[in-house]
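# An overview of the molecular structure
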Amino acid sequence: MTTNDIRPAAGTRDRKAIVLFSGGQDSTTCLAWALRRYRAVETVGFDYGQRHSVELACRMKVLARLRELDGEFAERLGDDHMLDMRSLGTISDCSLTREKAIAFEKNGLPNTFVPARNLLFFTYAAAVAYRRDASVLVGGMCETDFSGYPDCRDNTLKSLQVALSLGLDAPLVIETPLMWLDKGETWELAHELGGDALVELIRTETHTCYMGVHDVLHDWGYGCGECPACRLRARGWQEYLERRAGAKS
Ligand code: ZN
């Protein structure tokens, strides 16, 4: 697929999708993408003992605001499923689930990496999809600006798509509309999907910061402004503004 193409392919409109939805910028953009594309969309969220529950608190607000924003969104957005995966926090020793500083490990991966997290998330989402008669899973993974997490890679998720389809004996498609976009292009995609109103919703309601800071509103949104997630988000916002300014002149 071409990730920027927001128009659905033939036959896609009849499908129901499950979106992995955390309340962050990427998964909110993916949710809007799915709502434009599929006849029905449900969301799954995961409580895995995140250090900061602000992300989970943002989820419900974002869902409510999306419904208010757009009639098509309101019509298609269905149930939200919150899954308890706190056992993941007890078996992984990473800075997202424990009180420790963000740093790089010897293998080059940041210690924000929760081993196998996305594999588990998609597997759980597939079980929900099976029960809810959905045939598409959507996630905000991205190879362009990612931190090297091997479970965000396109090939990892393509092989998981095959494994899940075989294991459930039901064809499942994993869609990752942000896979080849940079953070500036992710803002641009949000603009294509819902104009300035959706961009503003994402800027002011979503949470990305690793440190859980949600009381300082920068021009790119809430966050500490220092952690890797905030720096990436701020840089993407700047690129988005520059591109838009360039497009107008
Ligand atoms: Zn931050």
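Conventions and cut-offs
Residues numbered from 1 in each chain as written. Predicted model: local features only at pLDDT ≥ 70, side-chain atom pairs only at ≥ 80, totals over all residues. Heavy atoms only, no water. Buried < 20%, exposed > 50% of the residue type's maximum accessible area, 1.4 Å probe, protein only. Helix = DSSP H or I, 4+ residues; strand = E, 2+ residues; numbered from the N terminus. Pairing = 2+ DSSP bridges. Polar contact = N/O pair within 3.5 Å; in protein donor to acceptor, adjacent residues only side chain to side chain. Contact = heavy atoms within 4.5 Å. Axes fitted to C-alpha atoms, helices over the stretch in contact; angles between N-to-C directions. Parallel < 35°, antiparallel > 145°, perpendicular 65-115°, else oblique. Nonpolar A, V, L, I, M, F, W, Y, C, P; charged D, E, K, R; others polar.

### Examining the pairing of strand 2 (residues 40-47)
- Of all eight residues in strand 2, seven are buried, a share of seventy percent or more.
- In the sheet, strand 1 (residues 16-20) pairs with strand 2 via five bridges, with the strands oriented parallel. What sits directly across from L20, in strand 2, is V44.
- Sheet analysis places strand 2 next to strand 3 (residues 77-84), joined by six bridges and oriented parallel. Note that in strand 3 the partner of V44 across the bridge is H81.

### Observations concerning the side chain of T206
- Secondary-structure assignment places T206 in the loop between helix 7 (183-205) and strand 6 (217-218).
- You can call T206 buried: its relative accessible area is 0%.
- A polar atom in the side chain of T206 sits 2.6 Å from the backbone oxygen of I202.
- Of note is the side chain of T206, whose polar atom sits 3.0 Å from the side chain of R233.
- Sequence-distant contacts of T206, defined by excluding residues within four places in its chain, comprise G23, G24, Q25, T28, V62, L201, H214 and R233.

### Observations regarding the packing of helix 7 against helix 8 (residues 228-248)
- At a minimum axis distance of 10 Å, the contact between helix 7 and helix 8 shows a crossing angle of 85°. Relative to helix 8, helix 7 is oriented roughly perpendicular. Contacts from K183, G184, E185, W187, E188, H191, V199, I202 and R203 of helix 7 reach helix 8 at L232, R233, G236, W237, E239, Y240, R243 and R244.
- Within the contact of helix 7 with helix 8, the residues separate by chemical class into six nonpolar, three polar and eight charged.

### Focus on the sheet that holds strand 3
- The sheet built from five strands is open, its strands ordered 3-2-1-4-5 with parallel pairing. Here the strands that pair on one side only, and so sit at the sheet edges, are strand 3 and strand 5 (173-175). Neighbour-to-neighbour, the strand axes of the sheet open up by a mean angle of 25°, direction not taken into account.
- Each of strand 1, strand 2, strand 3, strand 4 (136-138) and strand 5 touches helix 1 (residues 25-37); the most contacted strand, strand 1, lies at about 175° to it.
- Relative to strand 1, helix 5 (residues 117-132) is tilted by about 150°, and along the sheet it contacts strand 1, strand 2, strand 3, strand 4 and strand 5.

### Regarding the side chain of H207
- Mapped onto the secondary structure, H207 falls in the loop between helix 7 and strand 6.
- Within the structure, the side chain of H207 is placed 3.0 Å from the backbone oxygen of C209, a separation counted as a polar contact.
- Looking at H207, its side chain comes within polar contact range of the side chain of H214, at 3.0 Å.
- If sequence neighbours within four positions are ignored, H207 has contacts with G23, G24, Q25, V54, E55, C58, G212, V213, H214 and R233.

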